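# Structure at a glance
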Amino acid sequence: MASELEPEVQGLDRSLLECSAEETAGKWLQATDLTREVNQHLAHYVPKIYCRGPNPFPQKEDMLAHQVLLGPMEWYLCGEDPELGFSKLEQTNKPSHLCGRVFKVGEPTYSCRDCAVDPTCVLCMECFLGSIHRDHRYRMTTSGGGGFCDCGDTEAWKEGPYCQKHELNTSEIEEEEDPLVHLSEDVIARTYNIFAIMFRYAVEILTWEKESELPPDLEMVEKSDTYYCMLFNDEVHTYEQVIYTLQKAVNCTQKEAIGFATTVDRDGRRSVRYGDFQYCEQAKSVIVRNTSRQTKPLKVQVMHSSIVAHQNFGLKLLSWLGSIIGYSDGLRRILCQVGLQEGPNGENSSLVDRLMLSDSKLWKGARSVYHQLFMSSLLMDLKYKKLFAVRFAKNYERLQSDYVTDDHDREFSIADLSVQIFTVPSLARMLITEENLMTIIIKTFMDHLRHRDAQGRFQFERYTALQAFKFRRVQSLILDLKYVLISKPTEWSDDLRQKFLEGFDAFLELLKCMQGMDPVTRQVGQHIEMEPEWEAAFTLQMKLTHVISMMQDWCALDEKVLIEAYKKCLAVLTQCHGGFTDGEQPVTLSICGHSVETIRYCVSKEKVSIHLPVSRLLAGLHVLVSKSEVAYKFPELLPLSELSPPMLIEHPLRCLVLCAQVHAGMWRRNGFSLVNQIYYYHNVKCRREMFDKDIVMLQTGVSMMDPNHFLMIMLSRFELHQIFSTPDYGKKISSETTHKDLVQQNNTLIEEMLYLIIMLVGERFSPGVGQVNATDEIKREIIHQLSIKPMAHSELVKSLPEDVSTCILRKENYGNPSLPTSLENKETGMESVIEAVAHFKKPGLTGRGMYELKPECAKEFNLYFYHFSRAEQSKAEEAQRKLKRQNKEDTALPPPVLPPFCPLFASLVNILQSDVMLLIMRTVLQWTVEHNGHVWSESMLQRVLHLIGMALQEEKQHLENVMEEHVVTFTFTQKISKPGEAPNNSPSILAMLETLQNAPYLEVHKDMIKWILKTFNAIKKIRESSSTSPVAETEGTIMEESSRDKDKAERKRKAEIARLRREKIMAQMSEMQRHFIDENKELFQQTLELDASISAVLDNSPMVSDMTRTALGPAQTPVPEQRQFVTCILCQEEQEVKVESRAMVLAAFVQRSTVLSKNRSKFIQDPEKYDPLFMHPDLSCGTHTGSCGHIMHAHCWQRYFDSVQAKEQRRQQRLRLHTSYDVENGEFLCPLCECLSNTVIPLLLPPRNIFNRLHFSDQPNLTQWIRTISQQIKALQVLRKEENTPNTALSKNLENVDELQLPEGFRPDFHPKNPYSESIKEMLTTFGTATYKVGLKVHPNEEDPRVPIMCWGSCAYTIQSIERILNDEDKPLFSPLPCRLDDCLRSLTRFAAAHWTVASLSVVQGHFCKLFASLVPGDNHGDLPCILDIDMFHLLVGLVLAFPALQCQDFSGISLGTGDLHIFHLVTMAHIIQILLTSCTEENGMDQENASGEEELAVLALYKTLHQYTGSALKEMHSGWHLLRNVRAGIMPFLRCSALFFHYLNGVPSPPEIQASGTSHFEHLCNYLSLPNNFICLFQENKEIMKLLIESWCHNIEVKRYLEGERDAISYPRESNRLIDLPEDYSSLINQASNFSCPKSGGDKSRAPTLCLVCGTLLCSQSYCCQTELEGEDVGACTAHTYSCGSGVGIFLRVRECQVLFLAGKTKGCFYSPPYLDDYGETDQGLRRGNPLHLCRERFKKIQKLWHQHSITEEIGHAQEANQTLVGIDWQHL
Ligand SMILES: [Zn+2]
Ligand SMILES: [Zn+2]
Ligand SMILES: [Zn+2]
Ligand SMILES: [Zn+2]
Ligand SMILES: [Zn+2]
Ligand SMILES: [Zn+2]
Ligand SMILES: [Zn+2]
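An account of the accompanying structure is given in this report. Remember, it's a predicted structure, so these values are computed and weren't measured experimentally.

## Quick look at the coordination of the zinc ion (ligand 2)
Coordination sphere of the zinc ion (ligand 2), protein contribution only: C127 (SG), C151 (SG), C163 (SG) and H166 (ND1), at 2.0 to 2.3 Å. Bound by four donor atoms, the zinc ion (ligand 2) shows angles of 97 to 115° at the metal and therefore tetrahedral coordination geometry. Expressed as a motif, the donor residue spacing for the zinc ion (ligand 2) is C-x23-C-x11-C-x2-H. The distance between the zinc ion (ligand 2) and the zinc ion (ligand 1) is 4.2 Å, with C127 acting as a donor to both metals. You can see C127 sitting in helix α6 (residues 125–129) and its partner H166 sitting in helix α7 (residues 164–167), a full 39 residues away along the chain.

Now the structure itself:
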């Protein structure tokens, strides 16, 4: 069908292209009915351009639309060529001083903490960088999309509202002139005409609801019969559901379905089928049927293609309008006028109104287009912003209701524009006074919460997910209310007062519905059956918390408002309590001669509610009345006399008693919902407007009542009145033993009550309660948090309540589901005081920066600080006592000195010296003195002591601050000196304290009692000296004196006992420690950091005295044999390492590696066919072996591994859980250190010693040796050919051998005996096979000829990677290596050298021949790589390790050492040639003197030879000095690797010079390696043969191609790979990522942009669009990338999360802390806090080091072992 359509479409295109915009515009200019004319044009052309087939062609459509439709409009508007016209308009344009940039998803935004009026004020990156705020304290976040830059908005910034760019236009904005004056009348008129027609057309068509019929003026004559089946998005169905349904309904592939789903999600709709009506209808019914089962079905419409065409053009038109008004502020003004002009239908008929009101019916794409137009027009024009705000407010209720029932996220709703309007202070104020906005919002909110109980209180149903979803939507209204209230008025007009108070009334109505909601009744007998609903009510409370605080803030600003609000609040509270005493029998309580009447009420028997917002608001207002001193200025205006203290305290008291009873275990049967409620009641998120205010309300009550009456009511509510009014309660109880539980319960209640009294007296740090300011309050909070332990900045912030003005969500973050609401970006005022109370300790390489309390602040510590949880309290107590002990002070924690109360609360302190209080104190002390049974508890006593301490502090303060003439009425000391009255006749409180100070069972409290007595005496002294009110001399003091001496002696004795005990314990401890270290020796040795351990090469090596040491060759320094004993970590048995004994093995981990790769685009394509014999110098895929160095018996390990395997199988069957390691792939964890391992390396003695035969004195020189070896190879090849030729008779074969001239002493029939034990042989095979399997990623096959190659390769690669690490860290080559590395390299090298004994001799010989032939060409070796394409170190290792296979058949007397030496020399020379060919191309400017040394001349001569052999293709060089320098630099890594290799192979200790750091050690290396210092000598010594060889190397075609520039080659030295460079400032990464779009779905922004730290590629991670198939599985972009970039291992930075991601294979991964820190030394994973982040180079280096050390997989293993949840993550989808 498509092919038939194609020519038709093209034909059409041509006719369309001929359509002239100018002519059409000309026709329009003549038209009498322009609207009709234009509509006809559109009716004719739009369906011809848009919607011509099943798929849209956006580019073509745009092009044609511009030509045929928009072009004429532009011509019409300008009246001339638009190019000219628009540039003229631009000249008179006054660019807006507002930036108004609309944010993309993920774009960084900035807010200034110092200058932003509220946190919703943000800047785009460009404006921020050009503003003064970049030097202020700022926050950075990533935008969730939508919202715009506030640069230039003077109301948004206290300072610096303009950036440099937007400041340019500010001079003119003062005089607000009409932008239309710059336009000509004609232009104005035409613009007006065309805007009006087009805007109306767009609105009409977008809001058109018929599916197959067009508006009459757009109907066409010939209408095609084509329809679309249009699928709309909703937020209910998942991606998977939609994809599945589409595949079924329209028969498409999964890929197409994903494409449809992605577009539907992005644009809000997409046609999924095109054709006749029936055809589309059919698809629709399938989709509806398939998706209607559980939920409401997906929305699908079958629409006529012409309607879709017009709608598409409508959208295009709106964007066009947006761009046209960018040319001129005048045009913008006209568009605003057109949009807001009322239509013929009056109210709500303007185009803007019509769009807003159909918002929820439009699809996502249409919404965002018109929202953007509003933002760039209405919101950018100051005059029309106001008018628009009014329209918005008038429609507010309707818009909100639409939003609540709509299912799209808020960012796609017009309601979301509230933040842009309400946060502008002038607009907000205008809307409050003129549109009564506050009341409207609150009433709308109330309307949506309809469920009430009989008393009219809110009642919420089960809080289901759906409920929660709806509830969340309603809550956005609260957010709007916050926006309106966020900036407080500086001036009040009468109108504002009136409208605010109206709003306040509405708010009180709301709170009234909450007062007493969700009441609970204590469950007795049975446990509750169903947990009652509580979350909804608490969510509501939590959301309103800030609004309540803001309401108070507003009230505080105006005395008249405060007084009115206070009155209103009191009236509502009285209403709530109406009938509160009705039907209740009053009851009279009496103690100590006081009596009071109260109601009969029991918390444990009747209903009680935690929700008391009205009482709490009143408490807040009361504090404000106190603070603002309104109470003293206008007492007559306040209804203070109407206050009934018992009524005020009743409900808060009940609530606090409820908490106490829950704590005492009385409400256990009420389940967890109650526990949760109590938790939140005290939690930092709620307490400010819950718990804290209840305390204030009680304080208010006490300060207005007789404290005795208060205490009696309190005792009664705590149900303790009985106990304290019964004189001998203690004795009675202890005689009855039955009620243990009840006694325990009562004890807890008494403790709780005492605690409450302590809080009532001690909590005076709210401004208005005590004489403090806000700074004191926050300081105190911080001091107490830090008393628990040192804390990081973020921990501290979390523990403090957020500041009201910053509780608002940043506007662009709203609707971003990954961010929990309002928790982030909070301001606590901490910054201002933290310096005063704490020291900052910087973070190290790990961990965070910490704040530590300054010692001088410790005296302000209050053990009973009311915001401590119980756990925190005991931790703080412990920490503070420990501190005191360390400072050698006594351990008493007396109450701190407190600030005085404000006058309104001043009388509160009398509670401490009231009769009932003294009775309570005396009673508890009496019980303690009697010390029997369970009647008293230590906490009870501790609290009483604290209360006594508080009273003493209070009295002392009073005495010290008293004015001359005043009498101090606080006479606590006097009262406690008096004995109790009849009938008790108990001793005085003081006397009892003196008795108690020696009680043996009160050791802990002794210091506190002593402190009390001391303070008592001090007060007595003050009293005496001032003779104010003399305290009667009592018997107490004398007793105290005498007891002091006794006490001293006792203390001394105890101290001595304690010392002895301590010493004994210490001795025991150190014994145990020693034992532990012995037992876990390996563990202590194994220190992972390279630089950590010093136990090293030297210690393990035999002592060799000779100072010049030689590592190889006939002159090798002899190494005395040394016996080695090792212990198995599994069975703890010790064993000697011997050739014939059982194998000992090391746990090892083999992995493929690209760490050294110089070519990341290269990877092994077909492992089965891959030939690894020659390593390419780009080192693109190596095999690395690592080990933790832990040694086991081979059989012990096998048993261990079998058990791991069995366990794992059982576990998988049972739990289907994953482990951090893959048992099926042979992985296990080292039994000692849990290091990830996948095989074991056998532990061997130096293998060369075993095969070394007698040394003959005269060994061949290089030339002779090469000749001999060549002959031997030739002989072998002939033999091999014979063997492989079938049908040869044995005799003939023998004959040939005779014919063949065997070199002298060569015996190819000789097969050496393998000296190793069976068990060692088995382990040699095991490790060899593992290296082969992992390195090539193939199935294990121990027979494969490539096994030995892989073993040698892994040895070479591992040495190379370690050499690089040492080099990069500037460590000397033989600096002490950590044990594990040393052990690993030694075992690996020895293993690789011994492996040939278990491989086929002929295979190894074959490898040797081929390797040898690459340097010494023989016959029969066709395609060998040219020397440019061989890594010489790999070649060296292969040759040296394969050589014994040949040498063992050679009885001519050539030693292994000779072979090693000649091989080494030969390879070295080849490498020098390699370097000269590739790396000497630059003769940098520093021309050295030509008169140069012998060596330089020699190099130059060599170079000239090369030049000649290469046919002069090699660039000419004249400086021997440069050449020599380049050669030396280029060859250094090779020499260093060789030194390591021969060191481990032959065991010759390294010369001490190389162990020190500093110089390059070139000479020492040469000596150690038996090389002449002037290595050009090598060439000269073997002139003849080398000439031949060099010539053959140079004649290779590849060399020629390279020199002619046709190909590349690696040059030397190879630079170490590094992770990419990261920017200093994290926001530039965010910016970079926000510009990154998904490479697969055409221009879409990627949701999880992720940066590969190895190669710098940005990936679209964790998303359907970029999944690819890898080995038959769908994997995400990151996993796919690791396979090409890191052979399975990857290091990424998730930019939006600020998180490092490690991946290994498909199943392993972990997150790692990012190398970016804020100023407090903390990382911000998830970017929740938004502090500016800067690169921490040390941490980045650490990550790089992990990579270089091949420890990424190990790191993941450790992380997964530590945190099991990481195992469950589908890493492959990232
Ligand atoms: Zn900006
Ligand atoms: Zn700006
Ligand atoms: Zn600033
Ligand atoms: Zn063992
Ligand atoms: Zn280990
Ligand atoms: Zn993508
Ligand atoms: Zn990469």
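## Regarding the packing of helix α27 (residues 645–663) against helix α29 (residues 691–704)
For any two helices packed against each other, the geometry comes down to the angle between their axes and how far apart the axes lie. The interhelical angle for the contact between α27 and α29, taken along N-to-C directions, is 145°, at an axis separation of 9 Å. When the axes of α27 and α29 are compared, the crossing they make is left-handed. Facing P645, L648, I649, P652, L653, C655 and L656 of α27, the residues of α29 in contact are F691, D694, I695, M697, L698, G701 and M704. Residues that form the contact of α27 with α29 fall into these classes: twelve nonpolar, one polar and one charged.

## Examining the coordination of the zinc ion (ligand 4)
Around the zinc ion (ligand 4), the protein supplies C1128 (SG), C1131 (SG), H1193 (ND1) and C1196 (SG) as donor atoms, at distances of 2.1 to 2.4 Å. Around the zinc ion (ligand 4), the four donor atoms sit at angles spanning 95 to 119°, and that spread fits a shape best called tetrahedral. In the primary structure, the donors to the zinc ion (ligand 4) are separated according to the pattern C-x2-C-x61-H-x2-C. Of this pair, C1128 sits in the loop between β11 (1125–1127) and β12 (1134–1136) while C1196 sits in helix α46 (residues 1194–1215), placing them 68 residues apart in sequence.

## Points about the sheet that holds strand β4 (residues 227–232)
Read across the sheet, three strands follow the order β5-β4-β6 without closing on themselves; strand pairing throughout is antiparallel. The open sheet is flanked by β5 (269–275) and β6 (300–304), the only strands paired with a single partner. Taken over all neighbouring pairs, the strand axes of this sheet differ in orientation by 30° on average, direction set aside. The pairing of β4 with β6 spans five bridges and is classified as antiparallel. Bridge pairing in β6 places M230 opposite Q301. Packing of helix α10 (residues 254–267) onto the sheet brings it into contact with β4 and β5, and relative to β5 it is tilted by some 130°.

## So, the side chain of S914
Among the secondary structure elements, S914 is positioned in the loop between α37 (870–886) and α38 (915–930). S914 sits in the buried class, given a relative accessible area of 4%. Polar side-chain contacts of S914 include one of 2.8 Å to the backbone oxygen of I911. Residues within four places of S914 in sequence aside, it is in contact with P707, N708 and L711.

## Examining helix α51 (residues 1346–1368)
Note on helix geometry: an α-helix contains 3.6 residues per turn, so any two residues three or four positions apart are oriented the same way. Its 23 residues place the ends of α51 32 Å apart at the C-alpha level, agreeing with the 33 Å of an ideal helix rising 1.5 Å per residue. Across the 23 residues of α51, 21 count as buried, placing the element largely inside the fold. In the stretch just after α51, D1370 is the one whose phi turns positive, near 60°.

## So, a negative patch on the surface
A grouping of E22, E23, D81 and E83 is seen on the molecular surface, where their side chains present a negatively charged patch. By the secondary structure assignment, E83 is in helix α5 (residues 82–92).

## Overview of the sheet that holds strand β13 (residues 1144–1153)
Ordered by their spatial adjacency, three strands build an open sheet running β14-β13-β17, and the pairing between neighbours is antiparallel. A single partner strand is all that each edge strand has here, and the edge strands are β14 (1182–1193) and β17 (1239–1242). Neighbouring strand axes in the sheet, compared pairwise and without regard to direction, differ in orientation by 40° on average. Here β13 runs beside β17; their pairing, made up of four bridges, is antiparallel. If you follow L1146 over to β17, its bridge partner there is I1241.

## A few points about the side chain of E763
With respect to the helices and strands, the residue E763 is situated in the loop between α33 (740–762) and α34 (774–788). With relative accessibility at 5%, the residue E763 sits in the buried group. A polar atom in the side chain of E763 sits 2.7 Å from the side chain of R780. Side-chain polar atoms of E763 contact the backbone nitrogen of Y866, separated by 3.3 Å. Filtering out sequence-adjacent residues up to four positions away, E763 remains in contact with Q699, I758, V769, R780, N862, Y864, F865 and Y866.

About the thresholds
- As a convention, each chain's residues are numbered from 1 in the sequence order in which they are written.
- Ligands are numbered from 1 and chains lettered from A, in the order in which they are written.
- Local features in this predicted model are restricted to residues whose pLDDT is 70 or higher, and side-chain atom pairs enter the listing and the counts only when it is 80 or higher, whereas totals over whole chains, interfaces and linings include all residues.
- The side-chain numbers reported here are obtained from all heavy atoms of the structure, hydrogens and water having been left aside.
- Donor atoms are limited to N, O and S found within 2.8 Å of the metal ion, a distance that becomes 3.2 Å for Na, K and Ca. With water left out, some sites might look partial.
- Each label reflects the angles at the metal, where four donors whose angles all fall between 85 and 135 degrees are tetrahedral, four or six donors whose opposite pairs open beyond 155 degrees and whose other angles stay between 65 and 115 are square planar or octahedral respectively, and the rest are irregular.
- Only DSSP runs of H or I with at least four residues qualify as helices, and only runs of E with at least two residues qualify as strands; both kinds are numbered from the N terminus onward.
- For helices, the axis comes from a line fit to the C-alpha atoms of the stretch in contact; other axes are also lines fit to C-alpha atoms, and the angle between any two N-to-C directions lies between 0 and 180 degrees.
- Each helix crossing is assigned a hand: it is left-handed if the near helix lies turned anticlockwise from the far helix by less than a right angle, otherwise right-handed if that turn is clockwise.
- Any pair of residues with heavy atoms lying within 4.5 Å of one another is described as a contacting pair.
- Note on residue classes: Ala, Val, Leu, Ile, Met, Phe, Trp, Tyr, Cys and Pro are nonpolar, Asp, Glu, Lys and Arg are charged, and everything else, Gly too, is polar.
- For two strands to be treated as a pair, DSSP must find no fewer than two bridges joining them.
- Only protein chains enter the accessibility calculation, which uses a 1.4 Å probe. A residue is then buried if its area is under 20% of the maximum for its type, exposed if over 50%, and partly exposed in between.
- Side-chain atoms alone can form a polar contact between residues adjacent in sequence; in general such a contact is a pair of N or O atoms within 3.5 Å, and within protein one must be able to donate a hydrogen while the other accepts it.
- Helix span is expected to be 1.5 Å times the residue number reduced by one.
- Two distance rules govern patches: like charges are joined within 9 Å, and nonpolar side chains (Val, Leu, Ile, Met, Phe, Trp, Tyr) within 5 Å, applied only to residues with over 30% relative accessible area and no salt bridge.
- Each accessible area is a Shrake-Rupley result for a 1.4 Å probe, and residues are judged covered by the shown protein chains and nothing else.
- By salt bridge we mean one thing: a side-chain nitrogen of Lys or Arg within 4 Å of a carboxyl oxygen of Asp or Glu.
- Charge assignment in this entry is limited to Lys and Arg as positive and Asp and Glu as negative, and neither His nor the chain termini are counted.
- The location of each charge is read from NZ of Lys, CZ of Arg, CG of Asp or CD of Glu.

By themselves, these are just geometric observations and shouldn't be taken as functional.
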